[in-house]
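Breakdown of the fold
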Amino acid sequence: MASPPDGEALFQENCSACHGPRGMGGSAPKLAGDASEWKSKVFERAVLSGVDDHGKPLKAPMPHWKSTSFNADNGVRPSKLEVDAIQQYLHRQK
Ligand code: HEC
C-alpha cells in the first residue's frame, strides 16, 4: 500500500524556492498562517487551477499544477492528497 504523501518533502521540492522555507514567504507570498488556513477545496483550487480564495487568477510565476507535475513525479499530475498533505504541513508551521 502507498504511504501517505510527505507534505514537507513535496513542499521543499516544489514550492519553497518561491514561497520560502517553511512557507514563510520569499519572492512569493507567505503561505503559513494564511493560505494554510483556507478550506482544503480552496487551497486545492489555488494550487491546481491557479485561482485564489477570492476567485481571482494567480499570476505567474505561480505554476498551475493541473497542467504540470511535481518535480519528482515525471509528468504525473499532483493529486488532491498530495496538495492536502502540503497544506497540512504548512498548517503546522507558524
Ligand atoms: C516559481 C515560483 C512559485 C512556485 C514554485 C510556487 N509558487 Fe505559489 N505563488 C507564486 C506567486 C508569485 C504567487 C502570487 C501570485 C499572485 O499574487 O497572483 C503564488 C501564490 C500562491 C498561493 C496563493 C496565496 C495567496 O495568499 O493568495 C498559493 C496557495 C500557492 N501559491 C501555493 C503554492 C504551492 C503549494 C506550491 C508548490 C506545490 C507553489 N505555490 C509553488 C509563485 C510560486
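Structure's up top.
Definitions and limits used
- Residues numbered from 1 in each chain as written.
- Predicted model: local features only at pLDDT ≥ 70, side-chain atom pairs only at ≥ 80, totals over all residues.
- Heavy atoms only, no water.
- 1 Å grid on protein atoms, 1.4 Å probe; cavity = no way out; pocket = protein on both sides within 12 Å on 5 of 7 lines; lining within 4 Å.
- Points joined across faces, edges and corners; volume = space filled by probe spheres on them.
- Helix = DSSP H or I, 4+ residues; strand = E, 2+ residues; numbered from the N terminus.
- Nonpolar A, V, L, I, M, F, W, Y, C, P; charged D, E, K, R; others polar.
- Near = heavy atom within 4 Å.
- Polar contact = N/O pair within 3.5 Å; in protein donor to acceptor, adjacent residues only side chain to side chain.
- Sits in = over half its atoms within 2 Å of the grid points.

1. Overview of the layout of surface pockets
For the largest pocket, the calculated volume is near 660 Å³. Within the residue set of the lining of the largest pocket, elements represented by two or more residues are helix 2 (16-19), helix 3 (40-49) and helix 4 (80-91). Looking at side-chain class alone, the lining of the largest pocket contains 20 nonpolar, 3 polar and 5 charged residues.

2. Quick look at the site of the ligand
In the vicinity of the ligand there are 20 residues, among which Cys15, Cys18, His19, Lys59 and Met62 approach most closely. A distance of 2.8 Å separates a nitrogen atom of the ligand from a polar atom in the side chain of His19. Within the contact set of the ligand, an oxygen atom lies 2.7 Å away from a backbone nitrogen or oxygen of Lys59. Its atoms largely coinciding with the cavity grid, the ligand occupies the largest pocket. Broken down by secondary-structure element, the contributors of at least two residues to the shell around the ligand are helix 2 and helix 3. Considering every element that reaches the shell around the ligand, the biggest residue donor is helix 3, with 3 residues. When grouped by side-chain class, the residues that make up the shell around the ligand number 17 nonpolar, 2 polar and 1 charged.

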